[in-house]
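Now for the letters of each chain:
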Amino acid sequence: MKQVLTALTLGAVFVSAPAFADAEVGKPAPAFTLKDEAGKEHSLSQYKGKVVVLEWTNPECPFVKRHYEADTMANTLKGFDAKKVVWLAVDSTAHNTPEKSAAWKKSEGFTYPVLQDASGTTGKAYGAKTTPHMYVIDEQGVVRYAGAIDDDPRGKSDKKVNHVKTAVDALLGGKPVPASTTTPYGCSVKYKAAS
Amino acid sequence: MKHTVSKRLVAAGGLFLSLLATVAHAALPPSAVASSAPDEGDPRVEAALLVDSTQVKPGDTFRVGVRFRLDPGWHIYWKNPGDSGLETEVDWDTPGSTVGPLQWPFPSTFRTPDGFIVTHGYEGEVLLFADATASAQAQGTLQLSAAVNALVCEVHCIPADMMLTRTIPVGPETLPDAEALPTFDAARARVPRPVEDSGHAVKLELDAKQLTAGQPFAGTFTLTSTRGAALPALEKDFFVPERIPGVDAVRLKEQGPGRFALEGKAEPDVPEAEPRLKGVLRLGTAATGFHALAVDVPLAPVVAAVGVGPAPVVAKAPSIKDSLAAVKPAAPAAPAAASAGSSMGLGMALLFAFLGGALLNLMPCVFPVLALKAYGFTRMVKQEQGRVGAHAAAYAGGIVGSMLLLAGAVLAVRAGGASVGWGFQFQEPLFVATVSAVLVVFALNLFGVFTVGLDGTSLAGRVDQSHGLLHSAGEGVLAVVLATPCSAPLLGTAVGFAFAAGPFTVLAVFTALGLGLALPFCVLVLVPGLAKRLPKPGAWMERFKQVLGFALLGTTVWLVWVMGGLAGVDGMARVLAFLVAVGLGTWVYGQAQTQEGGRRWASLAAAAAVLVGAGVVTLRFDDAAPAAARASSSVAQAQPWSDEAVAAALAAGQPVFVDFTADWCLTCKFNERTVLSREEVRAAFTEHQVAFFVADWTRRDARITARLAEHGRAGVPMYLVLSPGAADKPEVLPELLTVDSVVDAVKRASACSPTNRTDGSKVLCAAGLPKP
C-alpha cells in the first residue's frame, strides 16, 4: 500500500503548473494601473464589465500618423456603443511625456485617455511590440484579440478589414472572435533601454 | 559587393568619392535611381534598378534587381520583418518580359538594447533581385518598372516609396553587364539554397506528435551532411524563421554540431493546414564565409485544427409545429446534480458526496473490492465475531484515511498553482503501473501463491488467518484507489464543488465521500440480523476467493489498456513485463515462505531483486502521444476538442456536442458504448448536423480541466450541448446518458440556431417559445 500512496503523491507532484508571459488570447489580461496625460489613474480592473480596447501608440511613428490622419481609431470607436466599450491609448515610448500626449490629443481632437507607460512595464507585460498594436479585452478581463488594427499594413487597400471592429462587434454580439490573433505592423515600440 | 565597395572607398580619397558614385551610376538612366525616407531633408535610402545584362535576346533569361544603399545605422526589412517593421516590397511592371519571385539574401537580425523586440532586415547595402525571362516575341526595347515600398528604420521609422524605371534593348545576343554582374553574383551567393541542393539533410522531431493551439512546443532539429563533410561552425543569429501562419516565437538553439533544440508556440488561431517550419539557416562564420540553406519541413498537425464539415447551405426554418415539439423543459433531462453547479451549499455537497460514495460501490471498478470484503466478512462473522466491528472500522478508516490523503494531494497541487481534477492520478503512467501491480499481487494472494502478514514457517495450513486489521484497512485504501476513475452520478457535482472551495470544504466533502463508500459494509455490521443472512462458510469460499482473483486480474486488463492510452503500445508492453516480474517475484516470495534459514533469505533477496530490477528496467514511460482517434473510436465522426474548433462549428451554425472523457473513466466508456454509438443518436447527430467533439482527459490537459471547473465539475464524464443560437448557455447533460436525453438535447440545440445565416441577429430559440 505504501507504494500506492507514494505513487499517488508523486502523481500529484507531476501535475505541473503552466507558466505564461505576455497577454495571450483566451487568457486573463495583465492587470495595470497607469496615469493618463492629465494625471488621472486608470486600472484595467475598474473597467470590468466593459469591453476594453488597448491601442499601443506613439505619435511620432509614421504608421500611427497615417492612421490618425485617416481617423482610423476615431472612426472605429465611433461604431461602438459608448456604454459598453472603453478605448485606452497606451504610450510606452521611453521619451514620451504627459505634455506631449496632451498636445497630440489636442491636435488630433480625440477624447480617450493616453496612458503614460514610459517605463515600458505595462507594454512589456502585454508583449506590445509595434505601434499601433491593438488588444481587445472582454467584459471578464480576458484577452480576446491581439494584433494589427486592420489587414492593410501599407495603407493602400480599398477594402480593408478592421480587425478591432470585427473583434469588438463579435464580443458585443456574443459571438466568437473570428481572427483572434493577427500580426501587428508598424514601428517598433521605443522602449526605455534596460539599465 | 560590400567588400568591393569598401575597398574602393579606402583606395579612393574623399574627393574621389563623389566622382566614383557618379561613375557607378553612369550606366543608369536617372529614372532607375531614387532616394527616399527623408529625415530632416536628408534621404536615408537610395535605390537603383539594376539589370545584369546590357542587351537581351528574345526568350533568354536575365536578372533584374533593386539595390538599396542605406545610411549607417538605418535598415530595411526582410520578408519576415520580425516583431515590428514591414516587409520590403517590390512590385514589377515589365511588359515584354516576366519576372519571377524576389530572391532574398540572408538577413541580419536586429535587437533593441533590452532584446525585447527582434527584427530581421538589411543594413548597408543589399540587392533584392529576381530572375526574368524576355518574351520570345520581344522586339525593340524591354520596359522595366519597379514600385518599391520599404520601411526604413533607425530608432524611428520612415516609409519610403520609390518608382524606378529603365529600358533594355532587345538584340540577337544577351550581353552581360560587366559592372552589374558581380553585384548580382554576390547577392546570389547570399540567397539560401534548398537544403537538398546543398548536400545536406535536415530532420525535425517534435516532442509531441501534434501542436496544441495556444501552447508552446519543442523538438529537436538535426542537420547532417549527405556528402560526409564536417558541419561548419555557426555564428550568432544563424537561423531566421519565415513568418509561419499559426506559429510564433520559433527559435533554434545549437546543442552540438548539427543538433538544435527547436522552440516555438502555436497561436490560438490555428490554420487548417499543417504548418511547415520555414526559415533560413546560415552555415559558416565571417572568417570562413557563409552559405545559407532554405529550411522547409512539415511541423506537425495542430490539434485544434478546425475540421468541421462545410456549413449547411440552407438553414431549415423550423415550422411552428417542429418548434413546439422540440420544446421540452430542460430540467427533466438534467437533474439537480448536473445543474446545481457551484451555487450549491455545503450541506448539499456533503449529501451528494455521501450518496455518490455509496453508489461508487456499484461501479465496475470498486465492485471486486467490495465482493472481496464481503467474502472476508462472511468468514469473520462465523470465526471472530468480536472483531467484526474492529474490521469494519479499519476498512472505513482505510477508506476515509486515503480519501483525506487524496484531498491533501489535491490541496497541495492546488497550492502549487496547478489545477487538478478527480482521477487526475490516473494520468500518471507510474501510478497506473503501481496500481496494476498491487492488483496482481492481490490476485496472486487469493490464488494462494503467497500469504500475507504471518510468519512463513507457521503458514502452511492457515491461509485464511491472514485477514488482519491492517489487511482490512488496506482493502479500504484499494477501494478508494480504484474508485477514483469511476465518477458516479452525483459525485461529479460534489467533487467539483469541493475543488472550487476552501481547504475545509475539500476535506469535508472527501470525508463524506469516504463514509459513503464504506457505507454498505458498515451497514452489514451495524444491522444485527443482516450478517446472519449471509451464506455459511465452507469449501465454496476457497473457490469463490479464487474467482475473485480473476476479477482483480480483469481490472488489471483495464488498467493496462489505460496505460496504452497514456504511453502507447510500448508502455503497455512495459507494464505487462513489469507485471510478469511482479508475478515471478511474488511466487519466489511464496516459495520462501515455506523455506528456512539461508535458503529462505536467498529466496527473499531474489524476489526483491526481481521486483526492483524489473521496475528499474521497465517503468520508464515516454509520453508517447496516443493516436488522436483512440478515445473516440466508438463514436463516429468525432473530432478532437478545442475551444476554437467549437467556436468555428457554432459560427457555422452547427449545434455542438462535447464529450469530456478519459480512457480510465469507465462511466464515460459505458456511455460511449451504450448511448453515443447508438444508431438513433448517430441519426440525430446527422440530421441536426451536430459537430461532435471529444475532449480526451486521459492525459493531463489544463484546458479541459479548466472547462470542467467552469461547469462545476472536477472530473469526467461531462457532456455539453451547445446551440449556435445561444452559444453562451451550454446544456450540461447528466453523467449517465440515455438515448432520449441526448437526442432531445440535440434537438433543442438545433431548434435554437440562427434562422438566417446572413443576418445572424435573427435567432429563434425553442426555449423562447411558449410551452405547449
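The structure presented is a predicted model; accordingly, all values stated were derived computationally and were not measured.

> Looking at this model, I keep getting lost on the pattern of salt bridges. Mind explaining?
Across all of its chains, the model carries 24 salt bridges over all chains by this definition. Its salt-bridge partner being Lys84 of chain A, residue Asp81 of chain A comes within 3.9 Å of it at the nearest N-O pair. Note that Asp71 of chain B is salt-bridged to Arg44 of chain B, the shortest N-O span being 2.8 Å. Highlighted residues: Asp71 of chain B in the loop between strand S4 (61-70) and strand S5 (75-82) and Arg44 of chain B in strand S2 (residues 42-51), separated in sequence by 27 residues. A residue is classified by how much of its surface remains accessible, and Arg44 of chain B, at 15% relative accessible area, is buried. If you follow the salt bridges from partner to partner, you end up with Asp39, Asp42, Arg44 and Asp71 of chain B in one network.

> Hey, could you run me through the nonpolar core in this one?
Residue and element names in this part refer to chain B. Of all hydrophobic cores here, the largest spans 76 residues; its most connected members are Val656, Phe657, Val658, Phe660, Phe693, Val716 and Val742. For this core, the leading source of residues is helix H14 (residues 539-594), giving 14 residues. Beyond its immediate sequence surroundings of up to four residues, Val658 is in contact with Trp641, Val646, Phe693, Ala695, Met718, Tyr719, Leu720 and Leu722. Leu28, Leu128, Leu142 and Val280 belong to the second-largest nonpolar core, a separate cluster that totals 50 residues.

> Please clarify how the state of the cysteines should be interpreted in this entry.
By definition, a disulfide links two cysteine residues through a covalent bond between their sulfur atoms. Taken as a whole and judged by the stated rule, the model has 2 disulfides over all chains. The disulfide partner of Cys61 of chain A is Cys187 of chain A, and the gap between their sulfur atoms is 2.1 Å. Here Cys61 of chain A and Cys187 of chain A share a disulfide; its torsion about the S-S bond, 85 degrees, makes the bridge right-handed. Within this pair, whereas Cys61 of chain A is found in the loop between strand S3 (51-56) and helix H2 (62-69), its partner Cys187 of chain A is found in strand S9 (residues 187-188), the two being separated by 126 residues in sequence. Taking relative accessible area as the criterion, Cys187 of chain A reaches 1% and is therefore assigned buried. There is a disulfide in this structure between Cys153 of chain B and Cys157 of chain B, and the S-S distance comes to 2.2 Å. On the S-S bond that ties Cys153 of chain B to Cys157 of chain B, the torsion sits near 115 degrees, and the link is right-handed. Of the residues examined, Cys153 of chain B reaches a relative accessible area of 1% and is grouped as buried.

> Hey, could you run me through H2 of chain A in this one?
Since the α-helix turns once every 3.6 residues, residues separated by three or four places project in the same direction. Residues of H2 of chain A that are buried include every one of Pro62, Phe63, Val64, His67 and Tyr68 of chain A, and no others. Positive backbone phi, approximately 60 degrees, marks Asp71 of chain A, located one or two places after H2 of chain A.

> Just to check I follow, could you spell out the confidence of the model for chain B for this structure?
Residues and elements named next belong to chain B. In the predicted model, chain B carries a mean pLDDT of 75, and 74% of its residues have values of at least 70. The model gives residues 1-25 a pLDDT under 50, and that stretch makes 13 contacts with residues more than four places away or in other chains. A low-confidence stretch, residues 453-466 stays under pLDDT 50, and its non-local contacts, those more than four residues away or across chains, total 17 contacts. Across the whole predicted complex the pTM is 0.50, and at the interface the ipTM reaches 0.77.

Procedures and definitions
- All residue numbers refer to position in the chain's written sequence, counted from 1.
- A letter from A marks each chain and a number from 1 marks each ligand, given out in the order of writing.
- Per-residue local features are limited, in this predicted model, to residues with pLDDT of at least 70; the limit for side-chain atom pairs, both in listing and counting, is 80 or more; totals at the level of whole chains, interfaces and linings are taken over all residues.
- Side-chain metrics in this entry use all non-hydrogen atoms of the structure; hydrogen atoms and water are not considered.
- A pairing counts as a salt bridge when a side-chain nitrogen of Lys or Arg comes within 4 Å of a carboxyl oxygen of Asp or Glu.
- To qualify as a helix, a DSSP run of H or I must reach at least 4 residues; to qualify as a strand, a run of E must reach at least 2; elements of each kind are numbered from the N terminus.
- Any residue under 20% of the maximum accessible area for its type is buried, any over 50% is exposed, and the rest in between are partly exposed; the area is computed with a 1.4 Å probe on protein chains only.
- What makes a nonpolar core is a set of buried Ala, Val, Leu, Ile, Met, Phe, Trp, Tyr and Cys residues whose side-chain atoms join them at distances within 4.5 Å.
- Whether two residues are in contact is decided by their heavy atoms, any of which lying within 4.5 Å being enough.
- Criterion for a disulfide: a pair of cysteine sulfur atoms at a distance within 2.5 Å.
- Known as pLDDT, the predictor's per-residue confidence is scaled from 0 to 100.

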